[in-house]
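As a plain string of letters, each chain reads:
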Amino acid sequence: MSSLKISVGDTIPKGSFGTVPFTEELADLSACGIPTTLSTDSWKGKKVVLFSVPGAFTPTGHIIHLPPYLAKYDEFKAKGVDVIAVIAANDPFVMSGWGRVEGLTDKIITLSDPNAEWSGSLGLSIDLSGRGFGIRTARYAMIIDDLVIKYVEVEPDLGVTVSGADAVLAKL
């Protein structure tokens, strides 16, 4: 992983991500939806929890990392969180498909960070070329309040600790 280039108190740099907003037409998994672009500018004045996985449908992200965020959705909302988003280097269609399989509906936004460009600019990418996966987003979490980073942690090893739902909830 590259060295972290941001810290608590910094304003997040502008970023744009591909996403397929959930609609009821997507619920039965028979449609793909149309990707749109979400800009970090839309987070102005909002409290955002952003967590990252190296890839959708990967064992740790699919089974351990993402599900507790959905299960604790109401706890995040009770702590004033406006937006919960998961980001990965997958394309918007894969992220949307993953979100629908996981049952995220409109509770957690799935964001595409191709080649981990935005994450990499923050020092939050990992080179998994040795496994044939290329450059990916690292496993991390952030709390962003009115575009200012209030919490940022990167997993030091395999598994989910500092980027998990419980760790983030404890920092809100």
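Residues numbered from 1 in each chain as written. Predicted model: local features only at pLDDT ≥ 70, side-chain atom pairs only at ≥ 80, totals over all residues. Heavy atoms only, no water.

A. Here's a closer look at the overall build of the chain. Regarding its fold elements, the chain presents 5 helices and 9 strands. Its helices and strands taken in sequence order, the chain reads β-β-β-α-α-β-α-β-α-β-β-β-β-α from the N to the C terminus. In terms of overall dimensions, the chain is globule-like: its C-alpha atoms have a radius of gyration of 15 Å, near the 16 Å expected for 172 residues. Across its three principal directions, the C-alpha atoms of the chain cover 40 × 40 × 30 Å. Out of the 172 residues in the chain, the part that is buried amounts to 46%. The contacts of the chain with a sequence gap of at least 6 include a subset with a gap of at least 24, amounting to 67%. A total of about 8000 Å² of accessible surface is found on the chain, and carbon and sulfur atoms cover 54% of it. Across the chain, the 15 positively charged side chains and the 20 negatively charged ones have centroids separated by 4 Å. (Helix = DSSP H or I, 4+ residues; strand = E, 2+ residues; numbered from the N terminus. Rg over C-alpha atoms; globule rule 2.2 N^0.38 Å. Buried < 20%, exposed > 50% of the residue type's maximum accessible area, 1.4 Å probe, protein only. Contact = heavy atoms within 4.5 Å. Areas by Shrake-Rupley, 256 points an atom, 1.4 Å probe, with all protein chains shown as cover. Lys, Arg positive; Asp, Glu negative; His and termini not counted. Charge placed at Lys NZ, Arg CZ, Asp CG, Glu CD.)

B. Helix α3 (residues 92-102), seen in detail. For α3, a buried count of 8 out of 11 residues is recorded, marking the element as mostly surrounded by other parts of the structure. Within α3, the full set of buried residues consists of P92, M95, S96, G97, W98, G99, R100 and E102. The residue sitting at the N-terminus of α3 and contributing the capping side-chain oxygen is D91; that oxygen lies 2.8 Å from the backbone nitrogen of F93. Just downstream of α3 lies G103, where phi reads positive at about 80°. (Polar contact = N/O pair within 3.5 Å; in protein donor to acceptor, adjacent residues only side chain to side chain.)

C. Molecular detail of the side chain of E155. Relative to the assigned elements, E155 resides in the loop between β9 (148-154) and α5 (165-171). Of the buried charged residues, E155 lacks a salt bridge, with R139 as the closest side chain of opposite charge at 6.2 Å. Engagement of the side chain of E155 in a polar contact is seen with the side chain of S163, the distance being 2.7 Å. Beyond its immediate sequence surroundings of up to four residues, E155 is in contact with R139, V160, T161, V162, S163 and G164. (Salt bridge = Lys/Arg side-chain N within 4 Å of Asp/Glu carboxyl O.)

D. Fine view of the packing of helix α1 (residues 59-71) against α3. Packing of α1 against α3 brings their axes to within 11 Å, and their N-to-C directions diverge by 70°. Classified by the angle their axes make, α1 and α3 are roughly perpendicular. When you trace α1 past α3, the crossing you get is right-handed. Contacts from G61, H62, L66, P67 and L70 in α1 reach W98, V101 and E102 in α3. A class-by-class count of the residues in the contact of α1 with α3 yields 5 nonpolar, 2 polar and 1 charged. (Axes fitted to C-alpha atoms, helices over the stretch in contact; angles between N-to-C directions. Parallel < 35°, antiparallel > 145°, perpendicular 65-115°, else oblique. Left-handed = near helix turned anticlockwise from the far one by under 90°. Nonpolar A, V, L, I, M, F, W, Y, C, P; charged D, E, K, R; others polar.)

E. How the structure looks around the environment of T19. Secondary-structure assignment places T19 in strand β1 (residues 16-19). With 151 residues separating them in the primary sequence, T19 and A170 have C-alpha atoms 28 Å apart. In contact with T19, not counting residues within four places along its chain, are I34, P35, T36, L38, P92, I109, T110 and L111. There is a polar contact of 2.7 Å between the side chain of T19 and the backbone oxygen of T110.

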